[in-house]
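Now for the letters of each chain:
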Amino acid sequence: MSRARPLARLAGAILLAAAGLAGTSLAAPAAPLGEAAARHLLVRTGFGATPAEVTRVAAQSREEAVEALLAGARTQATLAPPAFVDEPFFPFHKLRALPAEERLAYARRNAQEGLALREWWFREMLVTPSPFTERMTLFWHGHFATSQQKVRSSRLVHRQNALLRRHALGSFRELLSAVSKDPAMLVYLDNAGSRRQAPNENFAREVMELFTLGEGHYTERDVKEAARAFTGWSLDRDTGEYRYRPFFHDGGTKTVLGRTGRLDGEDVLALLLERPETAAFVTRKLWRELVSPVPDEREVERLAALFREADYAIRPLLRAMLLSEAFWSPANRGALVKSPVDLVVGTLHTFGIRPFDLRPAVAAAALLGQNLMSPPNVKGWPGGEAWIDSSTLLGRKQFLDRLMRGADAMLAQPEPMMAAGTPAAGAPTAEERLRRMMERGLATYAVDWERWRRELAAAGGGAERSQVVLLAVGPVDPPPDPADAVALARAFAADPAYQLR
Amino acid sequence: MERRDFLRLAAASPLVAWGLPAGADASRRRLLILVELKGGNDGLNTVVPFADPHYARLRPRLALARDSLLAVSETAGLHPSLERLLPLWKEGELAIVQGLGYPDPNLSHFRSIEIWDTASSSHEYLGEGWLARSFARNPSPAGFAADGVVVGGSDLGPLAGAGARAIALSDPEDFLRKARLARGEARTSANASLAHILKVERDIARSADRLDPGRDLRTEFAPGPFGAALRTAARLAANPHGASVIRVSLAGFDTHANQPGVHGQLLRQLGDGLASLREALVETGRWTDTLVATYSEFGRRPRENESAGTDHGTASVHFVTGGAVKGGLYGEAPRLDRLDGQGNLAFAVDFRRYYATLLEGAWGADPRPVLGGRFERLGLLHS
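Definitions and cut-offs
The residue count restarts for each chain, going from 1 along the sequence in the order it is written. Chain A is the first chain written and ligand 1 is the first ligand written, with later ones labelled in order. The predicted nature of this model means local features are confined to residues of pLDDT at least 70 and side-chain atom pairs, given and counted, to a pLDDT of 80 or more, with totals for whole chains, interfaces and linings taken over all residues. Strands are runs of DSSP state E lasting at least two residues, helices are runs of H or I lasting at least four, and both sets are numbered from the N terminus onward. With the radius of gyration taken over C-alpha atoms, the globule rule is written as 2.2 Å times the number of residues to the power 0.38. Neighbour density around each residue's C-beta defines its exposure: 20 or more other C-beta atoms within 10 Å make it buried, 12 or fewer make it exposed, and counts between make it partly exposed, where C-beta atoms are placed from the backbone. For every residue pair, C-beta atoms are placed from the backbone, and the pair is scored as a contact if these atoms sit within 7 Å. When DSSP finds two or more bridges between a pair of strands, those strands are recorded as paired. Any residue outside Ala, Val, Leu, Ile, Met, Phe, Trp, Tyr, Cys, Pro, Asp, Glu, Lys and Arg is labelled polar, Gly included; the first ten of those are nonpolar and the last four are charged. For a helix, the expected span equals 1.5 Å multiplied by the residue count minus one. pLDDT expresses how confident the predictor is about each individual residue, on a scale running from 0 to 100. Note on method: axes are straight lines fitted to C-alpha atoms, helices fitted across the in-contact stretch only, with angles between N-to-C directions ranging 0 to 180 degrees. Should an angle lie under 35 degrees it is considered roughly parallel, over 145 roughly antiparallel, and from 65 to 115 roughly perpendicular; all remaining angles are considered oblique. Note on convention: the crossing is left-handed when the near helix lies turned anticlockwise from the far helix by less than a right angle, right-handed when the turn is clockwise. The arc refers to the directions leading from the helix axis to the C-beta atoms.

**Digging into the overall build of chain B**
- A count of helical and extended segments in chain B gives 11 helices and 12 strands.
- In summary, chain B has a C-alpha radius of gyration of 21 Å against a globular reference of 21 Å for 383 residues, a match within 12%.
- For chain B, the residues scored as buried account for 57% of the 383 residues in total.
- Here the analysis covers contacts within chain B between residues at least 6 apart in sequence; of these, 72% occur between residues at least 24 apart.

In structure tokens form, the structure reads like this:
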């Protein structure tokens, strides 16, 4: 079958870019966003927003602000990753041959390294000049979910994270192809060991169901046939790099989505991208990340068509979505539930808390249901309302209470915040370890209230300014004494509306 | 005498057996404990049809040796890791339901568990969990802390939806300590996300008023999150006015590769966990009026793949245990000679019959409006 039609695609992309430019120049006189809209854009595309950031973006027009976000996007982190990522890959076959204690030591070291990776990522989210890059990297991490527990190599996990960032605002076509051959993914969805004699269907199914088409747009036969096509996409057992293994590959004729031929993995990915369902599926998911919980199907259709026209370039899709009326609609302000990372990193960022040790923040987000690099399953985090149940809501409230009251909270609470109510049988569970880590560290986190007051004042405001910076919608419970910035911040952080973005 | 002690004694007395006389204590209710096996448990290597020659043929690497199995019939045996279930079997308190599934099976984890959680048919999309629908019609008595408690898991599964008062927690004491941060007054919002948050907050405050974290138990549970969740479940179960349903889950059953070690460990956790749960429920006097039932999104493919694993399948076997359970084999043994076009098993028992059995058996609830039709009960309970 024919692969790409690069010329046609290029032409399409140029036309589209031209249309985009024309649209910009024809727009109504560029009105400044104002603070509420500026905050809206910042928290939807980043993690929290400081009073100063809100003020700065408030002076920009929609187009200016969105262009600045897109132009500022990066393909690499600003911070150097932990040093171990450059150490050589430790092969799985050697791991299996180790004595039990050494395997355990490897597992422990791997867990420590995983924690260091998460901490590094959290810090990147806090310090990067382009939080949008990190939000999109996180979005793709949830989309192409892969868990360190199964991959068991923090080097491979880091490589995937770097890959997601490199393509975060690039081309979905390239991203899909790269992630499908990414060693961590090949291990996570078992394609590395899939052989022609009896192919493993794990990757073939999920690439259709979760990465491209969505459930219901393929048959069981398509899964089986695609699994044959993906055989051979494997790992070099010693370096952990991608390696094609012709001996594993089924070179026979297959029929996938109605197309018959001696299809290989790339052919199947190309077929998946030919289907309109793929663009719609990704667009809907991005809509739920950026706009509202329930996508507007007419808008999805428009945006997905644009996405396909641009040969799956992500930037034009983001631009169009962020400039859509729906994005700015008052009805969609505060329509999304903050993820645990939004809540934890966003709160640290908003209040200017830059802890030396971010592991407690990583642990807090994990306990609230979002342990980065360890999604619950291949579908990633379900998100939306599913973030909030009685357990996580109380965890959120307590995290905020702790952070906002700082030293006061310590004095007022003689018993440990998370006492192990159940007598621990044997070694502590992973959850207990996370709790302890959070406990110890959170005690060192505090808001510098003098600085907060100064920042608010510099941004030219008192009480109303606190609300516009901290809440996406009005508070549910009436706030206290409007003159006291500290009391107000505490009340707004405790308000149910603070859980929204 | 404390009211709770009285109830505990009452539960232990032979006069108050499974068929609790109506009016003996109107607020008392049977308890259902659901155990979800996340990822799709391989039924064929859980209750093994060792006498079927197709079994070894389809699984050259994964077939379990006949002499390692714990026989439950002339033709079927339990995985050796389930050894602690054997006493329950011998006591006649373990029902093994074979061939549970539904017509036109979906092989996606996420769609199939949605079908199980909402008790829908394969092409029907229902928003609410089957238990949420049941509680909407037949709520727990007002004095109960909640309709359902999800222990140590994230999603509410069959309890999801407006119809149920459901809470999620991992440690009841911790839950109660933090619950002071929740406000109980009725507040609502046109913003759907905010309305959800306010409902959860209200449910917390309401259940915190009545939640009894239970006492420490003598029974020991295996270390790890599943053991801890079962211990919490058993402690909550000690209070007869706590909840109507408790759900726990054990994850990791999606064994596409290198299945034997992982699956054995998971089944050991399951078998040891259910045996400890029984011991704890006997200790607190609740074994006679509790039903424990497992479920999972699907079973696995009879033919193993080349990675010493199994791909997504369809029908599978599940366990029901409790003081009122009539032990034995129910449903039909897997027909390995009659696989469907994908090489998967046909189901023998519709999962809604399983649910009908639990709804009627636990609370005498009419399953028809909940399940949208008539599904014949399985006779696995003493009447």
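On we go.
**Thoughts on the pairing of strand β6 (residues 146-151) of chain B**
Residue and element names in this part refer to chain B.
- Most of β6 sits inside the fold, with 6 of its 6 residues counted as buried.
- Two strands pair when backbone bridges link them, and β6 and strand β8 (residues 243-251) are joined in this way by 4 bridges, in the parallel orientation. If you follow Val149 over to β8, its bridge partner there is Ile246.
- Both β6 and strand β7 (residues 166-169) contribute to a ladder of 4 bridges, which runs parallel. In the sheet register, Val151 faces β7, and the bridge partner there is Leu169.

**Some remarks on the interface of chain A and chain B**
- Across the contact, 48 residues belong to chain A and 52 residues belong to chain B.
- The set of elements that each furnish at least two residues to the side of chain A that touches chain B consists of α12 (202-212) and α21 (390-405) of chain A.
- Among the elements that take part in the side of chain A that touches chain B, α21(A) stands out by supplying 7 residues, more than any other.
- The residue makeup of the side of chain A that touches chain B, split by class, is 21 nonpolar, 15 polar and 12 charged.

**So, α21(A)**
Residues and elements named next belong to chain A.
- For α21, which comprises 16 residues, the first-to-last C-alpha distance of 22 Å matches the rise-based estimate of 22 Å (1.5 Å per residue) to within 8%.
- Judged by how many residues are buried, α21 sits mostly within the fold: 15 of 16 residues are covered.
- Trailing α21 by a residue or two, Gly406 shows a phi angle of about 50°, which is positive.

**Quick look at the sheet that holds strand β4 (residues 77-78) of chain B**
Residues and elements named next belong to chain B.
- What the 3 strands build is an open sheet, ordered β2-β4-β3; its pairing is antiparallel. Sheet topology places β2 (47-48) and β3 (70-71) at the edges, where each strand pairs with a single neighbour.
- Bridging between β2 and β4 involves 2 bridges; their strand directions are antiparallel. Paired with Val47 across the two strands is Leu78, which belongs to β4.

**Some details on the confidence of the model for chain B**
Residue and element names in this part refer to chain B.
- In this model, chain B carries a mean pLDDT of 91, and residues with pLDDT of at least 70 account for 92%.
- When the criterion is pLDDT under 50, residues 1-24 qualifies, and its contacts beyond four places in sequence or with other chains add up to 20 contacts.
- What the predictor reports for the complex is a pTM of 0.88 with an ipTM of 0.90.

**So, the packing of helix α6 (residues 100-127) of chain A against helix α9 (residues 154-166) of chain A**
Residue and element names in this part refer to chain A.
- Direction vectors running N to C along α6 and α9 enclose 20°, while the axes themselves pass 9 Å from each other. In terms of axis orientation, α6 runs roughly parallel to α9. Here α6 and α9 pass one another in a crossing that is right-handed. Residues Asn110, Glu113, Gly114, Leu117 and Trp121 of α6 form the contact with α9, whose own contacting residues are Ser154, Val157, His158 and Asn161.

**Section: the confidence of the model for chain A**
Residue and element names in this part refer to chain A.
- Taken as a whole, chain A shows an average pLDDT of 90; of its residues, 90% reach a score of 70 or greater.
- When the criterion is pLDDT under 50, residues 18-25 qualifies, and its contacts beyond four places in sequence or with other chains add up to 3 contacts.
- In the model, residues 411-425 has pLDDT below 50 throughout and makes 24 contacts with residues more than four positions away in sequence or in other chains.

**Describing helix α4 (residues 62-71) of chain A**
Residue and element names in this part refer to chain A.
- Burial in α4 covers these residues: Arg62, Ala65, Val66 and Leu69. Here the buried residues of α4 occupy an arc of 95° about the axis, which is enough to place them on one side.
- Looking at the buried residues of α4, the elements they touch are α2 (35-45), α3 (51-58), α7 (131-143), α17 (314-322) and α18 (325-328).

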